[in-house]
Amino acid sequence: MHRPAPFRLEDGDALAQAMARAPFATLITQDADGWLADHLPLLRECEGAPLGVLRGHIARANPLVAGATTRPALAIFHGPQAYITPSWYPAKQEHGRVVPTWNYQVVHAHGTLRLIDDPGWLRQVVAALSERFERDRHTPWSIDDAPEAYIDGMCRGLVGIELRIERLEGQRKASQHKPYAERAAIQRGLVEERGLDEATARCLSGMEESDERH
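Residues numbered from 1 in each chain as written. Predicted model: local features only at pLDDT ≥ 70, side-chain atom pairs only at ≥ 80, totals over all residues. Heavy atoms only, no water.

### Some remarks on the overall build of the protein chain
Piece 1. Counting its regular elements, the protein chain contains six helices and eight strands.
Piece 2. Along the protein chain, helices (α) and strands (β) appear in the sequence β-α-β-β-β-β-β-α-β-α-α-β-α-α when read from the amino end.
Piece 3. Seen through its C-alpha atoms, the protein chain measures out along the principal axes to roughly 65 × 45 × 30 Å.
Piece 4. The burial tally for the protein chain puts 44% of its 214 residues in the buried class.
Piece 5. Within the protein chain, contacts between residues separated by at least 24 positions form 72% of all contacts whose residues are at least 6 apart in sequence.
Piece 6. Approximately 12,100 Å² of the protein chain is accessible, and the part contributed by carbon and sulfur atoms is 52%.
Piece 7. Positive and negative charge centroids in the protein chain, built from 25 and 30 side chains respectively, lie 5 Å apart. (Helix = DSSP H or I, 4+ residues; strand = E, 2+ residues; numbered from the N terminus. Buried < 20%, exposed > 50% of the residue type's maximum accessible area, 1.4 Å probe, protein only. Contact = heavy atoms within 4.5 Å. Areas by Shrake-Rupley, 256 points an atom, 1.4 Å probe, with all protein chains shown as cover. Lys, Arg positive; Asp, Glu negative; His and termini not counted. Charge placed at Lys NZ, Arg CZ, Asp CG, Glu CD.)

### Quick word on the environment of A109
Piece 1. As for its position among the elements, A109 is in strand β7 (residues 101–116).
Piece 2. For the pair A109 and R167, spaced 58 residues apart in sequence, the C-alpha separation works out to 6.0 Å.
Piece 3. Aside from chain neighbours lying at most four places away, what touches A109 is L54, A73, L74, A75, F77, L163, I165, R167 and L168.

### Quick word on the packing of helix α5 (residues 180–192) against helix α6 (residues 198–205)
Piece 1. The N-to-C vectors of α5 and α6 enclose an angle of 140 degrees; their axes lie 9 Å apart at closest approach. In the crossing of α5 with α6, the sense of the turn from one axis to the other is right-handed. Here α5 contributes R183, I186, Q187, L190 and V191 to the contact with α6, which in turn contributes E198, A201, R202, L204 and S205.
Piece 2. Along the lines of polarity and charge, the residues of the contact of α5 with α6 split into five nonpolar, two polar and three charged. (Axes fitted to C-alpha atoms, helices over the stretch in contact; angles between N-to-C directions. Left-handed = near helix turned anticlockwise from the far one by under 90°. Nonpolar A, V, L, I, M, F, W, Y, C, P; charged D, E, K, R; others polar.)

### Some words on the side chain of R71
Piece 1. Following the sequence through the fold, R71 ends up in strand β6 (residues 70–84).
Piece 2. Buried charge R71 goes without a salt bridge, the closest partner of opposite sign being D31 at 5.5 Å.
Piece 3. Only 2.9 Å separates the side chain of R71 from the backbone oxygen of L64, close enough to count as a polar contact. (Salt bridge = Lys/Arg side-chain N within 4 Å of Asp/Glu carboxyl O. Polar contact = N/O pair within 3.5 Å; in protein donor to acceptor, adjacent residues only side chain to side chain.)

### Overview of the nonpolar core
Piece 1. Counting 25 residues, the largest nonpolar core has L27, L42, L54, A75, F77, I161 and L163 as its most contacted members.
Piece 2. Those elements giving two or more residues to this core turn out to be α1 (12–21), β2 (24–31), β3 (34–41), β5 (53–59), β6, β7 and β8 (158–173).
Piece 3. Not counting residues within four places of it along the chain, the set of residues in contact with L163 comprises L27, G52, V53, L54, A73, A75, A109, H110, G111, T112 and L113.
Piece 4. One finds A82, I84, Y89 and L190 within the second-largest nonpolar core, a separate group that totals eight residues. (Core = buried A, V, L, I, M, F, W, Y, C linked by side-chain atoms within 4.5 Å.)

### A closer look at the packing of helix α3 (residues 119–134) against helix α4 (residues 148–155)
Piece 1. Axis separation between α3 and α4 bottoms out at 10 Å; the angle between their running directions is 105 degrees. What the angle tells us is that α3 and α4 run roughly perpendicular. Between α3, through L122, R123 and V126, and α4, the contact on the second element is made entirely by E148, I151, D152 and C155.
Piece 2. In terms of residue class, the contact of α3 with α4 is made up of four nonpolar, no polar and three charged. (Parallel < 35°, antiparallel > 145°, perpendicular 65-115°, else oblique.)

### Looking at α6
Piece 1. Taken residue by residue, α6 has A201, C203, L204 and S205 as its buried positions.
Piece 2. Near the N-terminus of α6, the side chain that reaches the backbone nitrogen of A199, with its oxygen 3.1 Å away, is that of D197.
Piece 3. A positive phi of about 80 degrees marks G206, the residue just after α6.

### Remarks on the pairing of β2
Piece 1. Relative to β3, β2 runs antiparallel, the two being bridged by eight bridges. Each bridged residue has a counterpart across the sheet, and for I28 the counterpart in β3 is A37.
Piece 2. Between the antiparallel neighbours β2 and β3 lie two residues. (Pairing = 2+ DSSP bridges.)

### Re the pattern of salt bridges
Piece 1. A full pass over the atoms with the stated rule returns seven salt bridges.
Piece 2. With a shortest N-O distance of 3.0 Å, R114 and E162 are connected by a salt bridge. Placement of R114 in strand β7 and of E162 in strand β8 is noted, with a sequence separation of 48 residues between them.

Laid out in structure tokens, this is it:
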């Protein structure tokens, strides 16, 4: 990934937070027939490797299951992204020398993937995934709400995956190198025209990096 210096996301906590906020990842692997791309939620756990491990599951019918039990892999976590119109820039009114851009955040997790065909391990991962995405509901659903035999049957159709993270690369291209007035205008535009929430708009406008006082 090309990462110009102003946009590099390198702080370990920031990378972990970015993956946690956008856990639906694209998992890239390769077999004898070429590249495979799978799309699935992955949870990062801190233990097992200095940079942590990613855990999830795939369908037993997935072609990924037919290959080697361990292989190199890349998980891409796509964070918030948005088209930025030059109409928002103060410079458009001043001299007109402005062009559109696209702001985004992304994390690449490189490592070694292994398949895990263990019912107990898989049930724990299914439970953890459910808890992660149900926790903000008023009445969270739990796998314990379903008959145990039913959950066991569903799990038999799955295979667990674990990616030991060996290298992390992150990038946030969010106009953070632009003047404060331009970043503030981008934030307003993202909220007022695109309907984004304030937190996402701050992330994509570069306002999170601002330490200016007004």
